[in-house]
Amino acid sequence: GVEPVDERILRAPPRKVTDPIVTRALLTRAVSSAALIMFLTLKVFANELDDGHVTRRDTTMTFMTFVNCDLFNAYACRSADKCFYEITPFSNPSFLWAMAFSVAGQFAVIYLPPLQSVFQTEALSLSDLSWIVCLSSTVLLLDTIRKKFLRQYCSDNSRKGRSLFGRRIKKKKKKKK
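Given the structure is predicted, the values throughout are model-derived calculations rather than measurements. (Residues numbered from 1 in each chain as written. Predicted model: local features only at pLDDT ≥ 70, side-chain atom pairs only at ≥ 80, totals over all residues. Heavy atoms only, no water.)

Asks: Kindly report on the overall build of the chain, identifying the contributing residues and their values.
Replies: Scanning the chain from N- to C-terminus turns up 8 helices and 0 strands. Seen in sequence order, the chain has helices and strands lined up from the N terminus as α-α-α-α-α-α-α-α. Of all 177 residues assigned to the chain, the portion counted as buried reaches 29%. Partitioning the intrachain contacts of the chain with sequence separation of at least 6 by distance along the chain shows that 67% fall at a separation of at least 24. Put simply, the chain shows about 12,200 Å² of open surface, and 67% of that area lies on carbon and sulfur atoms. (Helix = DSSP H or I, 4+ residues; strand = E, 2+ residues; numbered from the N terminus. Buried < 20%, exposed > 50% of the residue type's maximum accessible area, 1.4 Å probe, protein only. Contact = heavy atoms within 4.5 Å. Areas by Shrake-Rupley, 256 points an atom, 1.4 Å probe, with all protein chains shown as cover.)

Next comes the structure, spelled out in structure tokens:
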């Protein structure tokens, strides 16, 4: 809602009333992103859970992976057809502030002792944080693959007139009086 206006959207005709809101492409994007985020988060948790007991480090690494995946996903969702590297990072100050507060909140939860006791977290090393950022940024890779190579399945513009289940939407005929 606060992204700069795209001229192509302004020139496009309005969506028809009969066009579906939840399309196959939208569902494909949402499910594939959710599946990757879930996989990465659970993989980090499984790797950290080496002794069979859940520790503060396990929950911290898992929490940080999940939140960072969501932040990268939010950045990727700024445009329906542009890849993350094609979007000007500073074009949306509101988004930047939201990201900054999210990161500050993450650091507060893992580095401030009062919040560490409430959230059962512990401080992470720079190498841990680097690993989490590298792993979480694969969300951007998935988004780039979808936008560059799988456009026919993941773009609403490529499947006009298709419903969620791939059926062509029929236009209602007006009754003659």
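Asks: Describe the pattern of salt bridges, with residues and values.
Replies: Within this structure, the stated rule accounts for 5 salt bridges. Among the ionic pairs, R57 bridges to E48, the shortest N-O distance being 2.9 Å. Here E48 falls in the buried class, since its relative accessible area comes to 16%. D143 is the partner of R146 in a salt bridge, and the nearest nitrogen-oxygen pair spans 3.1 Å. With a gap of 3 residues between them, R146 and D143 both fall in helix α7 (residues 138–149), about one helical turn apart. A single burial state applies to R146 and to D143, both of which are buried. Because the salt bridges share partners, they merge into one network encompassing E48, R57 and D128. (Salt bridge = Lys/Arg side-chain N within 4 Å of Asp/Glu carboxyl O.)

Interpretation in functional terms is not warranted from these geometric data alone.
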